[in-house]
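So you can see what is in the structure, the chains are spelled out below.
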Number of protein chains: 4
Amino acid sequence: MLPNKKQQTFALISRRYTPSVIQSLATIADFLQGAGHIVIYEQETAQGAAIPGVASMPLDELANIATAAIVVGGDGTMLGIGRRLAPYNVPLIGINHGRLGFMADIPLDRMIPVLSDMLEGKYVTERRILLDGAILREEQTIHRAMAFNDIVISRGAGSGMIELSVEVDGHFMYSQRSDGLIISTPTGSTAYALSAGGPLLHPSLSGIGLAAIAPHALSNRPIVVPDSSEILVEIVEARFPTINFDSQSFASVHNGDCLLVRRSKCEVTFIHPKGWSYYDTLRDKLGWNESGQGNSLGSDG
Amino acid sequence: MLPNKKQQTFALISRRYTPSVIQSLATIADFLQGAGHIVIYEQETAQGAAIPGVASMPLDELANIATAAIVVGGDGTMLGIGRRLAPYNVPLIGINHGRLGFMADIPLDRMIPVLSDMLEGKYVTERRILLDGAILREEQTIHRAMAFNDIVISRGAGSGMIELSVEVDGHFMYSQRSDGLIISTPTGSTAYALSAGGPLLHPSLSGIGLAAIAPHALSNRPIVVPDSSEILVEIVEARFPTINFDSQSFASVHNGDCLLVRRSKCEVTFIHPKGWSYYDTLRDKLGWNESGQGNSLGSDG
Amino acid sequence: MLPNKKQQTFALISRRYTPSVIQSLATIADFLQGAGHIVIYEQETAQGAAIPGVASMPLDELANIATAAIVVGGDGTMLGIGRRLAPYNVPLIGINHGRLGFMADIPLDRMIPVLSDMLEGKYVTERRILLDGAILREEQTIHRAMAFNDIVISRGAGSGMIELSVEVDGHFMYSQRSDGLIISTPTGSTAYALSAGGPLLHPSLSGIGLAAIAPHALSNRPIVVPDSSEILVEIVEARFPTINFDSQSFASVHNGDCLLVRRSKCEVTFIHPKGWSYYDTLRDKLGWNESGQGNSLGSDG
Amino acid sequence: MLPNKKQQTFALISRRYTPSVIQSLATIADFLQGAGHIVIYEQETAQGAAIPGVASMPLDELANIATAAIVVGGDGTMLGIGRRLAPYNVPLIGINHGRLGFMADIPLDRMIPVLSDMLEGKYVTERRILLDGAILREEQTIHRAMAFNDIVISRGAGSGMIELSVEVDGHFMYSQRSDGLIISTPTGSTAYALSAGGPLLHPSLSGIGLAAIAPHALSNRPIVVPDSSEILVEIVEARFPTINFDSQSFASVHNGDCLLVRRSKCEVTFIHPKGWSYYDTLRDKLGWNESGQGNSLGSDG
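Source: prediction; values computed, not measured. (Residues numbered from 1 in each chain as written. Chains lettered and ligands numbered in written order. Predicted model: local features only at pLDDT ≥ 70, side-chain atom pairs only at ≥ 80, totals over all residues. Heavy atoms only, no water.)

Asks: Give me the interface of chain D and chain A: which residues, what numbers.
Replies: The partner chain A presents 44 residues to the 44 residues of chain D that form the contact. Buried area between chain D and chain A, both sides added, is near 3,800 Å², and the carbon and sulfur share of it is 60%. On inspection of chain D and its partner chain A, the count reaches zero salt bridges. If you look at where chain D meets chain A, you find 12 residue pairs in polar contact (both at pLDDT 80 or more). No other element matches strand β11 (residues 171–178) of chain D, which puts seven residues into the side of chain D that touches chain A. The class makeup of the residues in the side of chain D that touches chain A is 22 nonpolar, 17 polar and five charged. (Contact = heavy atoms within 4.5 Å. Buried area = accessible area lost by both parts, 1.4 Å probe. Salt bridge = Lys/Arg side-chain N within 4 Å of Asp/Glu carboxyl O. Polar contact = N/O pair within 3.5 Å; in protein donor to acceptor, adjacent residues only side chain to side chain. Helix = DSSP H or I, 4+ residues; strand = E, 2+ residues; numbered from the N terminus. Nonpolar A, V, L, I, M, F, W, Y, C, P; charged D, E, K, R; others polar.)

Asks: Could you give an account of the interface of chain D and chain B, naming the residues involved and the relevant values?
Replies: Taken together, the contacts link 20 residues of chain D with 20 residues of chain B. Contact between chain D and chain B buries roughly 1,500 Å² in total, counting both sides, with carbon and sulfur atoms accounting for 57%. Linking chain D with chain B are zero salt bridges. At the surface where chain D touches chain B, the tally comes to four residue pairs in polar contact (both at pLDDT 80 or more). For the side of chain D that touches chain B, the element with the most residues is helix α6 (residues 192–195) of chain D, which contributes three residues. Partitioning the side of chain D that touches chain B into residue classes produces 10 nonpolar, eight polar and two charged.

Asks: Account for the sheet that holds strand β14 (residues 207–213) of chain C, naming residues and giving values.
Replies: Here seven strands make up an open sheet; going across it, the order is β13(B)-β15(C)-β14(C)-β12(C)-β9(C)-β17(C)-β18(C) and the pairing mixed. Strand pairing shows two members of the sheet lacking a second neighbour, β13 (200–201) of chain B together with β18 (249–252) of chain C, which therefore form its edges. Looking at chain direction, strand β9 (residues 150–154) of chain C and strand β12 (residues 180–184) of chain C are connected through five bridges and run antiparallel. For C:Val152, the partnering residue across the bridge sits in β12(C) and is C:Ile182. (Pairing = 2+ DSSP bridges.)

Asks: Outline the pairing of strand β8 (residues 140–147) of chain A, listing residues and values.
Replies: Residue and element names in this part refer to chain A. Here strand β7 (residues 123–137) pairs with β8 via seven bridges, running antiparallel. When the bridges of β8 are listed, Leu131 appears paired with Ala147. What sits between β7 and β8 in their antiparallel hairpin is a turn of two residues, with Glu138 showing a positive phi close to 50 degrees.

Asks: Which residues make up the domain arrangement of chain A, and what values go with them?
Replies: Residues and elements named next belong to chain A. Domain annotation for chain A reports domain 1 (9–121) and domain 2 (130–265). Spacing between the C-alpha centres of domain 1 and domain 2 amounts to 32 Å. For the pairing of domain 1 and domain 2, the buried interface totals around 730 Å² over both sides, and the portion due to carbon and sulfur atoms is 69%. Considering only the surface of domain 1 that becomes buried against domain 2, Leu79, Arg83 and Phe102 emerge as the three largest contributors, covering 69% of it. Counting across the domain 1 and domain 2 interface gives one salt bridge. Note that Arg83 is salt-bridged to Asp246, the shortest N-O span being 2.4 Å. Put simply, domain 1 and domain 2 have two residue pairs in polar contact (both at pLDDT 80 or more) between them. Counted by class, the side of domain 1 that touches domain 2 contains six nonpolar, three polar and one charged residues. (Domains from an automatic or database assignment.)

Asks: Could you give me a rundown of the environment of B:Ala217, with the residues and numbers involved?
Replies: Residues and elements named next belong to chain B. On the secondary structure map, Ala217 appears in the loop between β14 (207–213) and β15 (223–226). Its relative accessible area of 11% is what places Ala217 among the buried residues. Distance from Ala217 to Asp117, taken between C-alpha atoms, is 52 Å for residues 100 residues apart in sequence. (Buried < 20%, exposed > 50% of the residue type's maximum accessible area, 1.4 Å probe, protein only.)

Asks: Tell me about the packing of helix α1 (residues 19–34) of chain A against helix α5 (residues 111–119) of chain A, and please be specific about residues and values.
Replies: Residue and element names in this part refer to chain A. Two elements in contact, α1 and α5, have axes whose closest approach is 11 Å; the angle formed by their N-to-C orientations is 35 degrees. Once α1 is placed against α5, the crossing between them reads as right-handed. For the pair α1 and α5, the contacting residues are Ser24, Thr27, Ile28, Phe31 and Leu32 in the first and Met111, Ile112, Leu115, Ser116 and Leu119 in the second. The residue makeup of the contact of α1 with α5, split by class, is seven nonpolar, three polar and no charged. (Axes fitted to C-alpha atoms, helices over the stretch in contact; angles between N-to-C directions. Left-handed = near helix turned anticlockwise from the far one by under 90°.)

Asks: Tell me about the sheet that holds strand β15 (residues 223–226) of chain D, and name the residues and values.
Replies: Across the sheet, seven strands lie side by side as β13(A)-β15(D)-β14(D)-β12(D)-β9(D)-β17(D)-β18(D); this open sheet has mixed pairing. The sheet is open, and its two borders are formed by β13 (200–201) of chain A together with β18 (249–252) of chain D, each paired with just one other strand.

Asks: Just give me the short version of the nonpolar core, but keep the residues and values in it.
Replies: Core analysis: the largest hydrophobic core is formed by 64 residues, its most contacted members being D:Met173, D:Ile183 and D:Ile231. Discounting chain neighbours no more than four positions away, the residues touching D:Ile231 are D:Val166, D:Glu167, D:Val168, D:Ile183, D:Ile208, D:Leu210, D:Val225, D:Leu259, D:Leu260 and D:Val261. (Core = buried A, V, L, I, M, F, W, Y, C linked by side-chain atoms within 4.5 Å.)

Asks: Run through the environment of D:Gly121, naming residues and quoting values.
Replies: Take D:Gly121: it is sitting in the loop between α5 (111–119) and β7 (123–137). Sequence separation between D:Gly121 and D:Ser189 is 68 residues; the distance between their C-alpha atoms is 30 Å.

Asks: Can you break down the relation of the copies chain D and chain B residue by residue, with the values?
Replies: Overlaying chain D with chain B gives an RMSD of 0.1 Å, the required rotation being 180 degrees about an axis along which the chain moves by 0.0 Å. Taken together, the rotation and translation relating the two chain copies correspond to the operation of a two-fold axis. Taking C-alpha positions as reference, the residue of chain D nearest the rotation axis is D:Ala157, located at 2.1 Å. (Least-squares fit on C-alpha atoms with pLDDT ≥ 70 in both.)

Asks: Let's hear about the pairing of strand β16 (residues 231–237) of chain B: which residues, and what values?
Replies: All names here are of chain B. By the bridge criterion, six bridges tie strand β10 (residues 162–168) to β16 in an arrangement that is antiparallel. If you follow Val166 over to β16, its bridge partner there is Val233. The pairing of β16 with strand β19 (residues 258–273) spans four bridges and is antiparallel. Along β19, the bridge assignment pairs Leu232 with Leu260.

Asks: Residues and numbers for helix α1 (residues 19–34) of chain B, please.
Replies: All names here are of chain B. Given a rise of 1.5 Å per residue, 16 residues ought to cover 22 Å, and the 22 Å separating the end C-alpha atoms of α1 matches this to within 8%. Within α1, burial applies to Val21, Ser24, Leu25, Ile28, Ala29 and Leu32. Within α1, the buried residues cover an arc of 135 degrees as seen down the axis, which keeps them to one side. Away from its buried face by more than 90 degrees, α1 exposes Pro19, Gln23, Asp30 and Gly34. Where α1 is buried, its residues touch β1 (9–14), β2 (38–42), α2 (43–49), β4 (68–72), β5 (92–96) and α5 (111–119). Of the residues flanking the end of α1, it is Gly36, one or two places downstream, whose phi is positive at about 90 degrees. (Expected span 1.5 Å × (residues − 1). Arc of directions from axis to C-beta.)

Asks: Give a detailed account of the relation of the copies chain D and chain A, specifying residues and quantitative values.
Replies: Rotating chain D by 180 degrees and moving it 0.0 Å along the rotation axis overlays it on chain A with an RMSD of 0.0 Å. Take the interface residues of chain D: 100% of them recur as interface residues in chain A, which is what a same-surface contact looks like.

Asks: Can you break down unusual backbone geometry residue by residue, with the values?
Replies: The residue A:Glu139 is not glycine, and still its phi comes out positive at about 70 degrees. The class of A:Glu139 is exposed, set by a relative accessible area of 78%. The phi torsion at C:Asp169 lies on the positive side, around 50 degrees, for a residue other than glycine. In this structure, C:Asp169 sits in the loop between β10 (162–168) and β11 (171–178). C:Asp169 gets classed as partly exposed once you look at its relative accessible area, which sits at 44%.

Asks: Provide a residue-level description of the pattern of salt bridges, including the pertinent values.
Replies: Two side chains carrying opposite charge are able to pair once their charged atoms lie near each other. Across all of its chains, the model carries 56 salt bridges over all chains by this definition. Across the pair B:Glu267 and B:Arg127 runs a salt bridge whose closest N-O atoms are separated by 2.9 Å. Here B:Arg127 lies in strand β7 (residues 123–137) and B:Glu267 lies in strand β19, a separation of 140 residues in the sequence. In this structure B:Glu267 comes out as buried when scored by relative accessible area, which is 17%. The network of salt bridges with shared partners includes A:Arg127, A:Asp227, A:Arg263 and A:Glu267.

Asks: Go over the environment of B:Gly133, please, and point to the residues and values.
Replies: Within the element layout of this structure, B:Gly133 appears in strand β7. Sequence spacing of B:Gly133 and B:Glu230 is 97 residues, and the spatial spacing of their C-alpha atoms is 10 Å.

Asks: Account for helix α7 (residues 278–286) of chain D, naming residues and giving values.
Replies: In terms of residue burial, α7(D) counts as a mostly covered element, since seven of its nine residues are buried. Of all the positions in α7(D), only D:Tyr278, D:Tyr279, D:Thr281, D:Leu282, D:Arg283, D:Lys285 and D:Leu286 are classed as buried. If you follow the buried residues of α7(D), they end up packed against β10 (162–168), β11 (171–178) and β15 (223–226) of chain A together with β13 (200–201) of chain D. Between the side-chain oxygen of the N-cap and the backbone nitrogen of D:Tyr279 there are 3.1 Å, and the N-cap of α7(D) in question is D:Ser277.

Here's what the structure looks like:
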């Protein structure tokens, strides 16, 4: 986004089409057009939102010409759109209809002043890494996908553990028996990996986290490796193992299949309001309160 | 507390003497006297609250004649008074001036209707165990105290770990190196033990929890033993070890000293409002919300 | 088992039929017959082990007449046989062909002297509780089973969390979103529940543990309730939820189904060698070493 | 270390002076001198090891001329020497008399062949970051030190929590109440931080870990920030707070004092044997075994 540039093209995207979302999209379009910019609706949005007489374009085409994409929705929508836009290097602006998210962090009632500031160059950018995962069977790649949050190998249906063997940069790390393994970006460190006991990773940390789900060995601990690492996981033994990418794309796999994970060559850039701080979001989302610590306790108060 | 009994004696106790606490004490006294009962202020309360012309008595004497003790304060006050009243088997009623606690669970603005119900037998009683801890040096008991929450052996000042050896019922359990060991009642399971990773124990579980603080061994886990257990902890090696009882009574100890912990012969009984549920309190204090789960998170919303 | 009683009947059971197991069974039978006792092979064992000319009987019949059951196998076999013998109150003796287990704790090379001691009354008995779980659909029980280790509700295949609502003794405890919930006996506290972060529970603790698997809420903690509790779990929302009992019996369930868990009226009794200590087993199985603490670490040594 | 360079100068250092250590030092000196290199004993080592007729020099002087320092000892010695050599950029080689460490990773019985290989350029180098910590009182720096493992703020003697307020890069992160806060390098991630629940950080990850010790808030989680971060911790409230650097240098502090932590401009380089892998060390030290997983468990085997 170039501050004060005369005419820029903005993509407008949503995945929910309630009256208030449609109203927000229209308000944003009006505002940007009024400021002399071009607004194009992403095709699916245009269909869902039933916007008459407005230019629209498939996401992939739009990605080639947009200066930035404005997404009205929650973190889930940001995640999906972000992953699709990653190859085009289009930055994302997230406007939130519900509770503020990690990525969708501009509240509805402040969207116009914030966008106005952004047009004047008052914003903070932040780059996020993605993972590139390939499933290998007998040395052939049978599936390949990107992940913004995480790639998860899990035991699938039924009971019984999955047994995995993990190598990093050609060095054997460990074999583990567990319900599964979560390989996550810093972005994903606040999602499933956190539930499994993984640490929080600041978005600009150049690291990839590995966290086992309910590991059998008591000495298992989450580990963070540099994002230059090549992580190779072999499915040694499991009954119905599956691999998923951001919980949005799935693959059934076999014993003997391998998952190769590397940092993707693509990145996603977020545009945040001026003064934005990751820690503010973290504190809000995790219920850390400066005072109070409402969810703490003790019989000693 | 005998429902509908003609005349009962109530102890009134507080440890904070703000105008609103004094007002509450007076309101309670009026209400109970009006209902035909005897109200006696605990001596320290009477002094602090500057109540003219009201009978008062030292806690130990009062404990012999009171049907129940009404405590105006928080969980900390309940804890201290509860431990002192334990040998006398006087039940406690907790009226809370601040945020509701685990033990002090009657809100100020409902105290009169709740007390009124209680006088009619509409209440729930709950018994809580205490620990009896003895510090042994060369087979002599050099200190002995009760604990309502926990008895904690810790490394004291400076750095370096404490090394402990733990026996239960004459059987060696483990030696551990850590920052310390927390031996807790179910009541204490929501206090320090919880911070150290210990489980929640329902107050009526007949168990004692052992949780190490920052244990060196990765395989260390919290353990819960029956409350009939005799737990003997030897301080094998530490620089400035200390033992505390409910963080209220302290002892400096030496290498070679032992701590013997058993369930106390005394118990404390709480009288809760009718319909009281431990789980309601837990949910409130721990920030578990039926809906919402405000402090949960994910990039996937 | 009655010490020094003239003639007692022993059931001999195994589930693996390697030559060395068959040899062990024969050695045990010889020894007991030589001591004047009756030995009857469980039918499936007799078939698998191809023992000519030895009495055999289906497990259920044998259970009615046996003084004790001698199981040659690991903890998994003890678990399965124990659950089936529970209604008959037949104590179990576990002889282990592999690494010693929590339940199968008599090493092969000491089995004869240990059995000899046991016949003279030199042993320790230990009682273990079981869970009784019923799956309810529209107030009808559609499945009912016992569990020695645990009853597990899990999200099944695919991704996405399971949402559960838990009530104990008619009181709402919490709703949780997670990969699943493990309800375990003290016996099961060293199995799956431990992997999910649950505490160790001494076998004679009268408690039932609840541990969520990868819970979404940061404030979720394992909880231990008295074994008199009636635990009712509703499956609020999940895609392919399943319930399993000791990972040996499975049920596919629907949203809206409930699981009711109580302590079973049956118990299992183990007969351990004289001098047996649960803590010795625990230390061995968890890799706690009196000295050494081999699996601990630090850059500070 | 320059492979095959004609004459290089090696520092020889130890902190234990048992006969076998002295013998090892002599063997190493002989070998290197025999290969045409110069060997100089660090002064304290020369005194402790009572080596007659060998050149010695204070560590600081020696650091200016040595190509590499060979340390005979454990990780603790490597840690102390590494921190002192950091400003001079002298790489370290660790020869271990006991159990292999994270840093001291050449076993005694292979030291000569390994050193021989190293002289021929067959080795792996690895760079480790250090922390630079300054204690500020009323904007004056009252103490400043480097740490290789960690800088720890803790509550000191007595009971009661410490309350801290943490800012990163000028942004408020959180206030926390706990037993203390561990700020660690990746090197330190396997030390105290691990005991407190922190993740493992690969040594080449450009990150700094923050792990609270027994935090009061249930929502507290370890966090890893980029090593470009400026971490400012204010001691809001504590009774006898202390700050230590690698558990080797201590400072008593006051409420209101601040600790400022940044990545040090200095680094330490380790020279490892050819084929060295961090994961091999990790697996060994943490008791992760490729097969077996000796310290895992379950009642289901």
